[in-house]
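Coordinate inspection notes
One-letter residues, chain by chain:
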Amino acid sequence: MAWTGHRSPEEDPLTLPTRVSAAVTTTVLVASALTVLPASAAHATPLAYRAVDLGTLGGAASAATATNDRGTVVGWSLTAGGARHAFVWRGGVMTDLGVLPGHLESTAVDVNERGDVVGTSTGPEWITRAVLWRDGEMIDLGTLGGDYSEAVAVNDRGQVLGLSNPLTDIPHRFLWQDGVFTDLGRQDFYETTDGLNNRGDVVGTFNVPPYDYPCTCVGGRLRDGVVTPIGHHAMAINNLGHVVGVAGGRAFHWRAGVLTDLGTLGGPRSWATDVNDLGVVLGVSETPSSAQRPVLWWAGRTVDLFTRGLGTADQVNDLDIRGRLVGSRDGRATLFR
């Protein structure tokens, strides 16, 4: 994900100058909730997100799971017949991505800047296959020899991160590219596989020596076969190598060996779930009353998204380079911009 603008780390990406006209303000709101106008204005007021209902595929419910920096959104929706199907949403149009032949349901979990979408198609008896939607074609990625695979993420190189079981073993992590599997080793009990960047780095939780049962797990980054321990659970990584997740019950940001506690909204716990290439971190924090609220961390600040237009009916799953968020509101796929 490339960023070509110029912005000081101290500029608040969630404010707008008060002297901007209504027409200009509307344009900026539609463009992005993180746009910063020229710093010449003397005052700033908080910018609220506007929720855009992305609709459904004919059913009662839907949810957006991921977005790219071009505004393409993916997720799942119930159809009129009640089946769950993967969708891609572009330019106001939601498109049903379908299922593999003989399968019943599908869901999309990630999209790269090329528009490649990955997810899982589910057949009878819950047999699942990792799938890639590319250029109008649905590709069954196959397995490592067993009967199961699922996709977790896709990067801009077209590498798909996923899980699959060899014929006689528990699931392994894999990278798939152009029809070729690279086996990244077993995902043991209690391990997770959560994120991928353009370098091919993988983050999640990993069993480390002494490999005690069920798991001496740590958060970490897997690079070239070597795990770097990072916190308790590493949940996302951006293309600059920044890692976010949970350490000691609190959200963290890790960069070049330095782990920073991102803090909370006054409660005991928080966790970070995503980070964009500007270093804006998305997550959840508890308040002193133990309520959970979506938050953004930016340049040492914790921004309660309830103060920026979101509420208890909202769930947030991903953010892009411009700070647009995707998730759901009242059980329907939603873009917050």
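What comes next concerns the included structure. (Residues numbered from 1 in each chain as written. Predicted model: local features only at pLDDT ≥ 70, side-chain atom pairs only at ≥ 80, totals over all residues. Heavy atoms only, no water.)

**Describing the nonpolar core**
Just so we agree on the cut-off: Remark: nonpolar core denotes a set of buried residues (Ala, Val, Leu, Ile, Met, Phe, Trp, Tyr, Cys) joined through side-chain atoms within 4.5 Å. Buried residues are those whose accessible area, probed at 1.4 Å on protein chains only, stays under 20% of the maximum for their type, while exposed residues exceed 50% and partly exposed ones sit between those limits. Only DSSP runs of H or I with at least four residues qualify as helices, and only runs of E with at least two residues qualify as strands; both kinds are numbered from the N terminus onward. Any two residues whose heavy atoms approach within 4.5 Å are treated as being in contact.
Listed in full, the 12 residues of the largest apolar core are Y49, V280, L282, L296, W298, V303, L305, L310, V316, L319, L325 and F336. Contributions of two or more residues to this core are made by β26 (292–298) and β28 (314–319). With residues up to four places along the chain from it excluded, the contact list for V316 reads L282, P294, L310, L325, V326, G327 and F336.

**What to know about the layout of surface pockets**
Formally: Cavity means a closed set of points on a 1 Å grid over the protein atoms alone, one where a 1.4 Å probe fits but cannot get out, pocket means an open set with protein on both sides within 12 Å along at least 5 of 7 lines, and lining means a residue has an atom within 4 Å of a point. Grid points are joined across faces, edges and corners, and a volume is the space filled by probe spheres set on the points. Residue polarity follows a fixed list, in which Ala, Val, Leu, Ile, Met, Phe, Trp, Tyr, Cys and Pro are nonpolar, Asp, Glu, Lys and Arg are charged, and the others, Gly among them, are polar.
Within this model, the largest pocket holds a volume of roughly 1,100 Å³. Surrounding the largest pocket, 49 residues form its lining, T65, T273, D274, N317 and D318 being those nearest its centre. With six residues, the top contributor of residues to the lining of the largest pocket is β28. Along the lines of polarity and charge, the residues of the lining of the largest pocket split into 19 nonpolar, 20 polar and 10 charged.

**Some remarks on the sheet that holds strand β19 (residues 226–229)**
Heads up, the condition is: The pairing criterion is simple: DSSP has to find at least two bridges between the two strands. To obtain each axis, a line is fitted to C-alpha atoms, and for helices this fit is confined to the stretch in contact; angles are then taken between N-to-C directions over 0 to 180 degrees.
Ordered by their spatial adjacency, four strands build an open sheet running β16-β17-β18-β19, and the pairing between neighbours is antiparallel. Two strands in the sheet have a free side with no partner beyond their single neighbour: β16 (192–196) and β19. Strand-to-strand twist in this sheet, taken as the mean axis angle between neighbours without regard to direction, amounts to 40°. Note: β16 against strand β17 (residues 202–207), four bridges, orientation antiparallel. Looking at the pairing, L196 lines up with V202 of β17.

**Some points on the side chain of S62**
For clarity, the threshold we go by: Distance and chemistry together define a polar contact, namely a pair of N or O atoms within 3.5 Å, with one atom able to donate a hydrogen and the other to accept it when in protein, and with adjacent residues in sequence counting only for side-chain atoms on both sides.
Within the secondary structure, S62 sits in strand β4 (residues 58–67). A distance of 2.9 Å separates a polar atom in the side chain of S62 from the backbone oxygen of G55. Among all residues touching S62, those that are not within four sequence positions of it are G55, T56, W76, S77, S328, G331, R332 and A333.

**A look at the packing of aromatic side chains**
Aromatic ring pairs are described here by two measures, namely the spacing of the ring centres and the angle between the planes. How we decide: Each Phe, Tyr or Trp ring, with Trp reduced to its six-membered ring, pairs with another whose centre is within 6.5 Å; inter-plane angles below 30 degrees give stacked pairs, above 60 give edge-to-face pairs, and intermediate values give tilted ones. In this scheme, the term charge over a ring applies when either NZ of a lysine or CZ of an arginine sits within 6 Å of the ring centre and within 35 degrees of the ring normal.
Counted under the stated rule, the structure contains two aromatic pairs. Aromatic side chains F174 and F181 sit 4.9 Å apart centroid to centroid with 80° between the ring planes, which places their arrangement in the edge-to-face category. A residue is classified by how much of its surface remains accessible, and F174, at 0% relative accessible area, is buried. With a centroid separation of 4.3 Å and an interplanar angle of 40°, the aromatic rings of F189 and Y190 are classed as tilted. The class for F189 is partly exposed, based on a relative accessible area of 47%. On the accessibility criterion, Y190 (53% relative accessible area) is exposed. A cation over a ring is seen here: R84 above W76, with NZ or CZ 3.7 Å from the ring centre.

**Comments concerning the pairing of strand β12 (residues 149–154)**
Along any regular strand, the residues point their side chains to alternate faces of the sheet. In terms of residue burial, β12 counts as a mostly covered element, since five of its six residues are buried. Of the pairings in the sheet, the one linking β12 to strand β13 (residues 160–164) comprises five bridges and is antiparallel in character. Following the sheet pairing, S149 is matched in β13 by S164. Turn length for the β12-β13 hairpin, with the two strands adjacent in sequence and antiparallel, is five residues, and the turn residue G158 shows positive phi of about 85°.

Limitation: the analysis is restricted to geometry and does not speak to function.
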